[in-house]
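# Residue-level structural notes
The primary structure of each chain is shown beneath.
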Amino acid sequence: MARNRRLILSSPAEVWGLLSDGLRYGEWVTGTQQVLAADPHWPAVGAALKVRVGFGPLTLDDTSTVRICEPEHRLELEAKADPFGAARIAMKLIPWGEHTLFVLDWHPLRGPGIRMHGLPVDYLVRVRNGMMLTKLAEIAVREHRTPVGRRA
């Protein structure tokens, strides 16, 4: 399992606002080239988000389905990227004063990812997820500091 933690200088409600907008995942999820579709009831349990991930010309389509949703506290997804299998992505938002301690856990569930699970793969996932949380934190802080009437 790869685990990352990040203190985000925005409230859990503000961070949740980004998580609950499926069409914005491409802004902060590292490797996402395009959000193809987001169910209108995202992030309710069972809702799906379809994205194209990859680097350069090497891409594949991924579907993430919400398995657990506790607004402003917890969001767990099952991400399927065939032929690589599926992974559990668990996001926890912990109030930390007026800020948010964001905990992200990634763990393979099915497919070849289980056999490759271990130090080298977990390290690469932690690096990727660290970059992702940095982007999420930057967006949350930038939008938190922008007066509501001036947001695009």
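Procedures and definitions
- Residues numbered from 1 in each chain as written.
- Predicted model: local features only at pLDDT ≥ 70, side-chain atom pairs only at ≥ 80, totals over all residues.
- Heavy atoms only, no water.
- Patch = residues over 30% accessible without salt bridge, like charges linked within 9 Å, V, L, I, M, F, W, Y side chains within 5 Å.
- Areas by Shrake-Rupley, 256 points an atom, 1.4 Å probe, with all protein chains shown as cover.
- Salt bridge = Lys/Arg side-chain N within 4 Å of Asp/Glu carboxyl O.
- Helix = DSSP H or I, 4+ residues; strand = E, 2+ residues; numbered from the N terminus.
- Pairing = 2+ DSSP bridges.
- Buried < 20%, exposed > 50% of the residue type's maximum accessible area, 1.4 Å probe, protein only.
- Contact = heavy atoms within 4.5 Å.
- Axes fitted to C-alpha atoms, helices over the stretch in contact; angles between N-to-C directions.
- Arc of directions from axis to C-beta.

### Here we look at a nonpolar patch on the surface
Among the surface-exposed residues, Y123, L124, V127 and M131 lie close enough to one another that they form a single nonpolar patch of about 410 Å² accessible area. Take L124: it is sitting in helix α4 (residues 119-145).

### A look at the pairing of strand β4 (residues 58-70)
Examined bridge by bridge, strand β3 (residues 48-55) and β4 share eight bridges and lie antiparallel to one another. Within β4, the residue paired with R52 across the bridge is D61. In this antiparallel pair of consecutive strands, β3 and β4, the connection spans two residues, and G56 shows a positive phi of 60°. With seven bridges joining them, β4 and strand β5 (residues 74-80) adopt antiparallel strand pairing. Bridging from a neighbouring strand, C69 pairs with L75 of β5. The turn joining β4 and β5, which pair antiparallel and follow one another in sequence, is formed by three residues; a positive phi near 70° is taken by E72.

### Here we look at the environment of L93
Within the secondary structure, L93 sits in strand β6 (residues 86-96). On the accessibility criterion, L93 (2% relative accessible area) is buried. Put simply, L93 and V125 are 32 residues apart on the chain and 20 Å apart in space, counted from C-alpha to C-alpha. Sequence-distant contacts of L93, that is, excluding residues within four places in its chain, are made with P12, V15, W16, L19, E72, H73, T100, L101 and F102.

### Here we look at the pattern of salt bridges
Counted by the stated rule, this structure contains nine salt bridges. For R52, the salt bridge is made with D61, and the minimal N-O distance between the two is 2.8 Å. Residue classification places D61 among the partly exposed residues on the basis of a relative accessible area of 41%. Sharing partners across several salt bridges, the network here consists of E70, R74, E76 and R88.

### Structural notes on the pairing of β3
Note that strand β2 (residues 32-38) and β3 share five bridges and pair antiparallel. Note that in β3 the partner of A37 across the bridge is K50.

### A word on the environment of I94
Relative to the assigned elements, I94 resides in strand β6. When its relative accessible area of 28% is taken as the criterion, I94 is described as partly exposed. Between the alpha carbons of I94 and R52 there is a distance of 30 Å; along the sequence they are 42 residues apart.

### Points about the sheet that holds β4
Within the open sheet, the seven strands sit side by side as β1-β7-β6-β5-β4-β3-β2. Their pairing is antiparallel. The sheet is open, and its two borders are formed by β1 (2-8) and β2, each paired with just one other strand. Here the average twist between neighbouring strands, direction ignored, is 25°. Helix-sheet contacts for helix α1 (residues 12-19) involve β1, β4, β5, β6 and β7 (99-110), and the interaxial angle to β6 is about 155°.

### Regarding α1
Among the residues making up α1, those that are buried are P12, V15, W16, L18 and L19. Seen from one end, α1 has its buried residues packed into an arc of 155°, which puts them on one side.

### Brief notes about unusual backbone geometry
Of the consecutive residues W42 and P43, the connecting peptide bond is found in the cis state with omega at 5°. Relative to the elements of secondary structure, P43 occurs in the loop between β2 and β3. With an omega of 15°, the peptide bond running from D82 to P83 counts as cis. On the secondary structure map, P83 appears in the loop between β5 and β6. Of note, the phi angle at E72 is positive, near 70°, even though the residue is not glycine. As for its position among the elements, E72 is in the loop between β4 and β5.

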